[in-house]
Amino acid sequence: MSTLQKAKGFKKSKTGTYLSIGTTAFGAIGVAKQVKKARMEHDTLRLIDAAVSAAAIITGLALLYRELKRLGDDDVLLG
């Protein structure tokens, strides 16, 4: 297996999925800062943007969790 094929397979591995979950969750920090700034400035448009971004993060985490569960189903030891 070449290095490029290994790198492509990493995204579909458990480790790759955990890494994706971590980076997606890390994005929540930026959204929290955006919400705080929008509330301080009473900027409704920026607050709506932060809410949409938060919804995207939640959806992304749900998709990654589903992928993780699917990968877990393939594992004989997990049952």
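Above this text is the structure in question.
What you see is a predicted model, and the numbers here were worked out from it, not measured in a lab.

A. Broad picture of the overall build of the chain. In terms of helices and strands, the chain carries three helices and zero strands. Counted from the first residue to the last, the chain has its helices and strands arranged as α-α-α. Classification of the 79 residues of the chain by burial places 14% in the buried group. Sequence separation of at least 24 residues holds for 59% of the intrachain contacts in the chain that already meet a minimum separation of 6. Of the roughly 6,300 Å² that the chain leaves accessible, carbon and sulfur atoms contribute 65%.

B. Highlighting the environment of K36. For K36, the location among the structural elements is in helix α2 (residues 14-41). Considered as a pair, K36 and L47 are 11 residues apart in the sequence and their alpha carbons are 8.7 Å apart.

C. Region of the structure containing the pattern of salt bridges. Inspection of every chain in the model, using the stated rule, returns three salt bridges. One salt bridge in this structure joins D43 and R46, with 3.7 Å as the shortest N-O distance. Across the salt bridge formed by E67 and R70, the nearest N and O atoms sit 2.7 Å from each other. Here E67 pairs with R70, and both are found in helix α3 (residues 44-73), just three residues apart, close to one helical turn. Judged by relative accessible area, which is 39%, R70 ranks as partly exposed. Where salt bridges share partners, they join E41, D43 and R46 into one cluster.

D. View of unusual backbone geometry. One non-glycine residue, H42, lies in the positive phi region at around 55 degrees. Among the structural elements, H42 can be located in the loop between α2 and α3.

E. Examining the environment of G30 more closely. Inspection of the secondary structure puts G30 in helix α2. Among the residues examined, G30 registers a relative accessible area of 41% and is labelled partly exposed. Through-space distance from the C-alpha of G30 to that of A50 is 9.1 Å; in sequence the pair is 20 residues apart.

F. Focus on α2. Over its 28 residues, α2 extends 41 Å from the first C-alpha to the last, a length consistent with the 40 Å expected when each residue adds 1.5 Å. Buried within α2 we find G16, T17, V31 and A38. Phi turns positive, to about 55 degrees, at H42, one or two residues after α2.

Procedures and definitions
- Residue numbers restart at each chain and count upward from 1, following the sequence in its written direction.
- Two thresholds apply to this predicted model, a pLDDT of at least 70 for residue-level local features and 80 or more for giving and counting side-chain atom pairs, whereas whole-chain, interface and lining totals are computed over all residues.
- Values shown for side chains rest on all heavy atoms present in the structure; no hydrogens or waters enter the calculation.
- A run of DSSP states H or I qualifies as a helix once it reaches four residues; a run of E qualifies as a strand once it reaches two. Both are numbered from the N-terminal end.
- Per-residue accessibility, obtained with a 1.4 Å probe over protein chains only, is compared with the maximum for each type, and a residue is labelled buried under 20%, exposed over 50%, and partly exposed between these values.
- When checking whether two residues touch, look at their non-hydrogen atoms; a contact exists if any pair is within 4.5 Å.
- Exposure was quantified through the Shrake-Rupley algorithm and a 1.4 Å probe, taking into account, for residues, occlusion by the shown protein chains and nothing else.
- We count a salt bridge whenever a side-chain nitrogen from Lys or Arg sits within 4 Å of a carboxyl oxygen from Asp or Glu.
- Helix span, expected: 1.5 Å multiplied by one less than the number of residues in the helix.

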